[in-house]
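Each chain, written out:
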2 protein chains.
Amino acid sequence: MARTGRRPGATRTRDQILSAAREQFAELGFGGATIRGIARAAEVDPALVHHFFGSKEDVFVAAMRLPYNPATVIREILAQAGPDPAPSVLRGLLRIWDAPETQATMVGLIRSAVADDRTARVIRDFLSDMVVQQVSAELGVPPLRATAAASQLLGLIVLRYVLRIEPVASAGHEDIVREYSPALGALIGAAAPPTT
Amino acid sequence: MARTGRRPGATRTRDQILSAAREQFAELGFGGATIRGIARAAEVDPALVHHFFGSKEDVFVAAMRLPYNPATVIREILAQAGPDPAPSVLRGLLRIWDAPETQATMVGLIRSAVADDRTARVIRDFLSDMVVQQVSAELGVPPLRATAAASQLLGLIVLRYVLRIEPVASAGHEDIVREYSPALGALIGAAAPPTT
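Residues numbered from 1 in each chain as written. Chains lettered and ligands numbered in written order. Predicted model: local features only at pLDDT ≥ 70, side-chain atom pairs only at ≥ 80, totals over all residues. Heavy atoms only, no water.

A. Summary view of helix α4 (residues 56–63) of chain A. All names here are of chain A. Most of α4 is tucked away: seven of the eight residues are buried. Taken together, the buried positions of α4 are E57, D58, V59, F60, V61, A62 and A63. Among the residues trailing α4, R65 stands out with phi positive, at a value near 55 degrees. (Buried < 20%, exposed > 50% of the residue type's maximum accessible area, 1.4 Å probe, protein only. Helix = DSSP H or I, 4+ residues; strand = E, 2+ residues; numbered from the N terminus.)

Right under this line is the structure:
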């Protein structure tokens, strides 16, 4: 992903693009917003937006101040996963979410998405357009099943990191992987069923 | 559950008990609070608390202004469910959550539990003490697996009713039952596995 420049001018331009992007994503959703429209709103050349950030997805990640690109992370995890992807997906999710430097930001994002409809709409759009469609395509499962898999993971995240409900809040990674894998495998393992 | 009286005195006493209960649950959590302690804080006889509300669980439901008792609903759904409980649980959850008169209250409760740590602690306690322990015992599955089942359902609720992410937000009940049942069945069907 393109890094920001150090020169004040570059920083100012970058910030103009990001605030324009936040407006566009909030007004039009992730699907409706375009690099061209963001560039127009920021009064810069679209090429500059590409130069600073790369894809629309990368602009979104920077605009929402995400510590990482969820879609990229999911792609990487799925790429490394074998024929029974559930345990790898769960290990990957736990590894990322248990990292203190990113956990606070992500918990904050979930809090605002749940509390505030404007944020919810942006997140909603990104999740359904990017994450659900992508996982659905890459695993060859129907979108509604990909959403069911997302439910399992979102529920785990909310119970463990936001509400901190026991016993899942302080359970070890491998205990969670063991108990959650059958459910997740029933959904995302469907493309290549685990040997029974 | 005992109904409140119509006389002003009774209403006043009932309200005293409820505000005392909210304080006690917030301070001590669901597990720590007692009918006796709530009665003492409300300066009434414990028998009066039982008379107005019934069990501590019922006091909690009234104090949190829940439209119904989640534990009772879960008990009823599980009691009606056959050897493969997942579809019945999902149908029951969708029937209750799609009822407009209760949906707003429940969505509001989830919003405040996620946003506010004080509410979160009370909900957290009630869920882990009552719901998880109970489901775990009634289905004969380990608590962590009951929590995994709760993750699936909480994720469905947050995606469909709070974030309203497609395609799950506007999917029909039977489509959701079809896509979610394998995952839920892998967890709560474990006690009496569905015929494969």
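Picking up after the structure, the text goes on.
B. Inspection of the interface of chain B and chain A at higher detail. On the side of chain A, 40 residues touch chain B, which itself brings 40 residues to the contact. Interface area, chain B with chain A, both sides summed: about 3500 Å², of which 69% is carbon and sulfur. For chain B, the biggest contributors to the area lost against chain A are V114, L144 and E179 of chain B; these three give 20% of the whole. Applying the counting criterion to the chain B and chain A interface returns two salt bridges. Note that R145 of chain A is salt-bridged to E179 of chain B, the shortest N-O span being 2.7 Å. Along the contact surface separating chain B from chain A lie eight residue pairs in polar contact (both at pLDDT 80 or more). At the level of secondary structure, the elements contributing two or more residues to the side of chain B that touches chain A comprise α7 (100–115), α8 (117–139), α9 (143–162) and α10 (173–188) of chain B. If you tally residues by element for the side of chain B that touches chain A, the top one is α9 of chain B, at 14 residues. Residues of the side of chain B that touches chain A, tallied by class, amount to 27 nonpolar, five polar and eight charged. (Contact = heavy atoms within 4.5 Å. Buried area = accessible area lost by both parts, 1.4 Å probe. Salt bridge = Lys/Arg side-chain N within 4 Å of Asp/Glu carboxyl O. Polar contact = N/O pair within 3.5 Å; in protein donor to acceptor, adjacent residues only side chain to side chain. Nonpolar A, V, L, I, M, F, W, Y, C, P; charged D, E, K, R; others polar.)

C. Quick look at the UniProt feature "domain: HTH tetR-type" (unreviewed entry) in chain A. In the numbering used here, UniProt assigns the "domain: HTH tetR-type" (unreviewed entry) feature to residues 11–71 of chain A. Helix makes up 79% of residues 11–71 of chain A and strand 0%, whereas the separation of the span's terminal C-alpha atoms amounts to 26 Å. (UniProt positions renumbered as here; feature names shortened; annotations may be inferred.)

D. Seen up close, the domain arrangement of chain A. Residues and elements named next belong to chain A. Along its sequence, chain A is carved into domain 1 (13–63) and domain 2 (70–188). The C-alpha centroid of domain 2 is placed 26 Å from the C-alpha centroid of domain 1. In this assembly, 11 residues from domain 1 lie in contact with 11 residues from domain 2. On the domain 1 side of the interface with domain 2, the three residues burying the most area are F30, E57 and F60, jointly 53% of the side's total. Remark: the boundary between domain 1 and domain 2 carries zero salt bridges. (Domains from an automatic or database assignment.)

E. Region of interest: the environment of R91 of chain A. All names here are of chain A. Along the chain, R91 falls in helix α6 (residues 86–97). Owing to a relative accessible area of 36%, R91 belongs among the partly exposed residues under this scheme. Discounting chain neighbours no more than four positions away, the residues touching R91 are E174 and V177. Polar contacts involving the side chain of R91 include one to the side chain of E174, which spans 2.8 Å.

F. How the structure looks around the relation of the copies chain B and chain A. Once chain B has been moved 0.0 Å along the axis and rotated by 180 degrees, it coincides with chain A to within an RMSD of 0.0 Å. Expressed as an axis order, the relation between the two copies is that of a two-fold axis. A symmetric contact is evident, with 100% of the interface residues of chain B recurring at the interface of chain A. (Least-squares fit on C-alpha atoms with pLDDT ≥ 70 in both.)

G. Quick peek at helix α5 (residues 70–80) of chain B. All names here are of chain B. Listed in full, the buried residues belonging to α5 are P70, A71, V73, I77 and L78. For α5, the angular spread of buried residues about the axis comes to 160 degrees, placing them on one side. Every exposed residue of α5 that faces more than 90 degrees away from the buried side is listed here: A79 and Q80. Where α5 is buried, its residues contact α4 (56–63), α6 (86–97) and α8. (Arc of directions from axis to C-beta.)

H. Spotlight on the nonpolar core. One finds F25 and W97 of chain A together with F25, W97 and L163 of chain B to be the most contacted residues of the largest nonpolar core, which totals 150 residues. Sequence-distant contacts of F25 of chain A, that is, excluding residues within four places in its chain, are made with F30, A33, I38, K56, V59, F60, A63 and V122 of chain A. (Core = buried A, V, L, I, M, F, W, Y, C linked by side-chain atoms within 4.5 Å.)

I. Highlighting the UniProt feature "DNA-binding region" (unreviewed entry) in chain A. UniProt's feature table lists "DNA-binding region" (unreviewed entry) at residues 34–53 of chain A, given in the numbering used throughout. The span residues 34–53 of chain A is 80% helix and 0% strand, and its two end C-alpha atoms sit 13 Å from each other.

J. Quick peek at the side chain of E57 of chain B. Residues and elements named next belong to chain B. By secondary structure assignment, the location of E57 is in helix α4. In terms of polar contacts, E57 uses its side chain to reach the side chain of N69, at 2.7 Å. With residues near it in sequence (within four places) discarded, E57 still touches F30, N69, A71, T72, R75, F126 and M130.

K. Representation of the pattern of salt bridges in the model. Residues and elements named next belong to chain A. Summed over all chains, the structure comprises 10 salt bridges over all chains. When the shortest N-O distance is used, the salt bridge between R160 and D98 registers 3.0 Å. Placement of the pair is R160 in helix α9 (residues 143–162) and D98 in the loop between α6 and α7 (100–115), with a sequence separation of 62 residues. In this structure D98 comes out as partly exposed when scored by relative accessible area, which is 27%.

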